[in-house]
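Chain and residue survey
The primary structure of each chain is shown beneath.
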Amino acid sequence: PSGPSSKPVGVAITTWQTRDLLRECLASVRAERPARVVVVDNASTDGTAEMVRREFPEVVLHVNEENRGNGPACNQAVALCPFPYVLLLNSDTRLEPGTLQGLRRYLDEHPRAAVAGPRIANPDGSLQASCFPFIGTFRMAVEKSAAGRLLARVPPVRRNWLLTQSPHDRPRQVPWLLGAALALRREAFDAVGGFDPAFFMYTEEVDLCWRLHAAGWEVHFAPVATVMHLGGASTRQLRAAMAVRQVAGARLFYRRYYSRARVAVLEGLIQAAMLVRLTRDRLRLGWTRDAPARRRLQEDVSIWRGALRGS
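Described below are features of the structure shown in this document.

Parameters and conventions
- Residues numbered from 1 in each chain as written.
- Predicted model: local features only at pLDDT ≥ 70, side-chain atom pairs only at ≥ 80, totals over all residues.
- Heavy atoms only, no water.
- Pairing = 2+ DSSP bridges.
- Helix = DSSP H or I, 4+ residues; strand = E, 2+ residues; numbered from the N terminus.
- Right-handed = clockwise from strand over helix to strand, strands pointing away.
- Disulfide = S-S within 2.5 Å.
- Buried < 20%, exposed > 50% of the residue type's maximum accessible area, 1.4 Å probe, protein only.
- Contact = heavy atoms within 4.5 Å.

1. Details of the pairing of strand S3 (residues 60–63)
With 4 bridges joining them, strand S2 (residues 36–41) and S3 adopt parallel strand pairing. When the bridges of S3 are listed, Val 38 appears paired with Val 60. After leaving S2, the chain enters helix H2 (residues 48–55) and then returns to the sheet as S3, a path that is right-handed.

Listed below in structure tokens is the structure:
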């Protein structure tokens, strides 16, 4: 297609306890003039809802009575955006000018792309990795290992095979994308039922991309726009609980899609990793006398115990 797309784009944002960051996000979104902006607040107690009503009266605001989790909140937000394309955002993001138009044009030009993920930048402007191999795969293991770091020193391999450590400078089909900023094709999103509410927090975007691939759609990294992402603004407020949920999300994904033998191997690796970390932090706790450091180590010990229990 040539020229600007006429398809309307809605923006859907989920938030929990990030009032001030959400204000910055909404200001950047307002400048893009989307067809509609929806905010789903997962029972924040920091004045988020009041701020949105006061400063952004054009926003469609839905406040949950309890924290329903990120995946279910995303489904609520997207449902309130009845448009062909929806840009789904975390509240700790900021859009650069032209983001909506760039992603809309990309989806127009790639009709099999169910999702287009923009380039993600850290607050200092540096690259934030946003496309990855599926978790629990050999490729993911290689990319996270010392071998992956060595392979990243070979330019053709880094550019054409690696994902996490790739330069993120060209469009490409990928297994899954970081959920901080996703341009969704509503037709595809609705066809697979959106996010699975069983994933309260973490791995929900991995699961969505897996099901989109299985249904014959494509997932694209599309650096036609850049979105700044702080990262962890909500989750770091409940660090221990979120660390355990991250492990639980991975376990659920493995059990959904992998064979029993493969799950057994992956479970063993998780248990080994948690035991190593638990042992390390217990030893550190034994010789640390600094009070703040001890509190942090006690929290870490609790995290690894919880992960071992599979909470």
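2. Some words on the state of the cysteines
Put plainly, a disulfide is one covalent bond tying together the sulfur atoms of two cysteines. This model, assessed by the stated rule, comprises 0 disulfides. Free of any disulfide, Cys 74 has its nearest neighbouring cysteine sulfur in Cys 81, separated by 11 Å. Overall, the relative accessible area of 4% leaves Cys 74 in the buried class. Free cysteine Cys 209: the closest other cysteine sulfur is in Cys 131, separated by 11 Å.

3. Section: unusual backbone geometry
Non-glycine residue Arg 33 carries a positive phi angle of around 55°. Inspection of the secondary structure puts Arg 33 in the loop between helix H1 (19–30) and S2. Judged by relative accessible area, Arg 33 falls into the exposed class, the value being 74%. Even without being glycine, Thr 203 reaches a positive phi, approximately 75°. Turning to its location among the elements, Thr 203 is positioned in the loop between helix H8 (186–191) and helix H9 (204–214).

4. Thoughts on the environment of Pro 118
For Pro 118, the location among the structural elements is in strand S6 (residues 113–121). Assessed through its relative accessible area of 1%, Pro 118 is described here as buried. Measuring from C-alpha to C-alpha, the distance between Pro 118 and His 168 comes to 9.7 Å, with 50 residues separating the pair along the chain. In contact with Pro 118, other than residues within four places in its own chain, are Leu 103, Ser 130, Ala 181, Phe 221, Ala 222, Ala 225 and Val 227.

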